[in-house]
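Now for the letters of each chain:
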Amino acid sequence: MVKVYQTYLDGSRIYTCTTCHSHLALHEDIISRAFHGRHGPAYLFDNVVNVSLGAKEERMLMTGMHSVADIYCNVCNTTIGWKYVYAFEESQKYKEGKFIVEKSKIAKENDWDDAASMQI
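Residues numbered from 1 in each chain as written. Predicted model: local features only at pLDDT ≥ 70, side-chain atom pairs only at ≥ 80, totals over all residues. Heavy atoms only, no water.

### A closer look at the pairing of strand S8 (residues 99-102)
1) Next: Here S8 shows no split at all, with Phe 99 and Val 101 on one side and Ile 100 and Glu 102 on the other all buried.
2) Next: Bridging between strand S7 (residues 79-87) and S8 involves three bridges; their strand directions are antiparallel. Of the residues in S8, the one forming a bridge with Lys 83 is Phe 99. (Buried < 20%, exposed > 50% of the residue type's maximum accessible area, 1.4 Å probe, protein only. Helix = DSSP H or I, 4+ residues; strand = E, 2+ residues; numbered from the N terminus. Pairing = 2+ DSSP bridges.)

Structure, rendered in C-alpha cells:
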C-alpha cells in the first residue's frame with residue numbers, strides 16, 4: 001500500500017474534494033467562474049494541490065482545440081477536472097498551465113459564506 005502525502009492549505013476560504021474532503025485550492029486562486037466542464041459549471045484556477053495528472057490528449061472544447069490532461073484527487077482518485085497543457089489558438093494561450101475544476105466536485109471547507117468571510 002502506498003502512503004499518500006497531502007498538502008494542507010492555510011487560509012480561511014479553502015475548496016475541498018466533495019468525495020474525501022482533501023484540500024484542493026484556495027478561493028484566491030480562482031481566475032474565473034464563467035467556465036463549463038463536462039458536467040456543468042466549472043471554475044478556472046491558477047493553482048490546485050493534491051491532484052495528479054492523467055494522460056495528455058487533444059480535445060475540441062467550446063473555445064477551440066486544446067491539449068489537456070484530466071486531474072484526479074490524489075486521495076480518492078475522483079476526476080475533478082483538467083489541466084490546460086497547450087492552447088492552439090493565440091487568444092486562448094492564457095489558459096495554459098491553468099486548471100478547470102468542476103463545481104460539482106468541490107466543496108467549501110467548513111461551509112464558509114462569502115458575505116460572512118468578507119466581514120472583519
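We are not done yet, so read on.
### A word on the packing of aromatic side chains
1) Next: Taken as a whole, this structure holds five aromatic pairs when the rule is applied.
2) Next: On the numbers, 6.3 Å between centres and 80° between planes, the contact of Trp 82 with Tyr 84 is edge-to-face. Grouping residues by exposure puts Trp 82 and Tyr 84 together as buried.
3) Next: Ring geometry for Tyr 86 versus Phe 88: centroids 4.9 Å apart, planes at 85°, classification edge-to-face.
4) Next: A residue is classified by how much of its surface remains accessible, and Tyr 86, at 36% relative accessible area, is partly exposed.
5) Next: Site record: aromatic cluster; members linked through ring pairs are Tyr 15, Tyr 43 and Phe 45. (Phe/Tyr/Trp six-rings, centres within 6.5 Å; stacked < 30°, edge-to-face > 60°.)

### Here we look at the sheet that holds strand S3 (residues 30-37)
1) Next: In spatial order, the strands read S3-S4-S8-S7-S6-S5; together these six strands make up an open sheet with antiparallel pairing. Two strands bound the open sheet, and with one partner strand each, they are S3 and strand S5 (51-61). Neighbour to neighbour, the strand axes of the sheet diverge by 30° on average, direction disregarded. (Axes fitted to C-alpha atoms, helices over the stretch in contact; angles between N-to-C directions.)

### Describing the UniProt feature "domain: Yippee" (unreviewed entry) in the protein
1) Next: The feature "domain: Yippee" (unreviewed entry), as given by UniProt, occupies residues 13-110 in the numbering adopted here.
2) Next: Along residues 13-110, the helical share is 0% and the strand share 60%, with 9 Å between the first and last C-alpha atoms. (UniProt positions renumbered as here; feature names shortened; annotations may be inferred.)

### Some words on the state of the cysteines
1) Next: If you walk through the whole model with that rule in mind, you get zero disulfides.
2) Next: Of all cysteine sulfurs in the structure, the one in Cys 76 sits closest to Cys 17, which takes part in no disulfide; the separation is 3.6 Å.
3) Next: Owing to a relative accessible area of 0%, Cys 17 belongs among the buried residues under this scheme.
4) Next: Take Cys 20: it sits in no disulfide, and the sulfur closest to it among the cysteines is that of Cys 73, at 3.5 Å. (Disulfide = S-S within 2.5 Å.)

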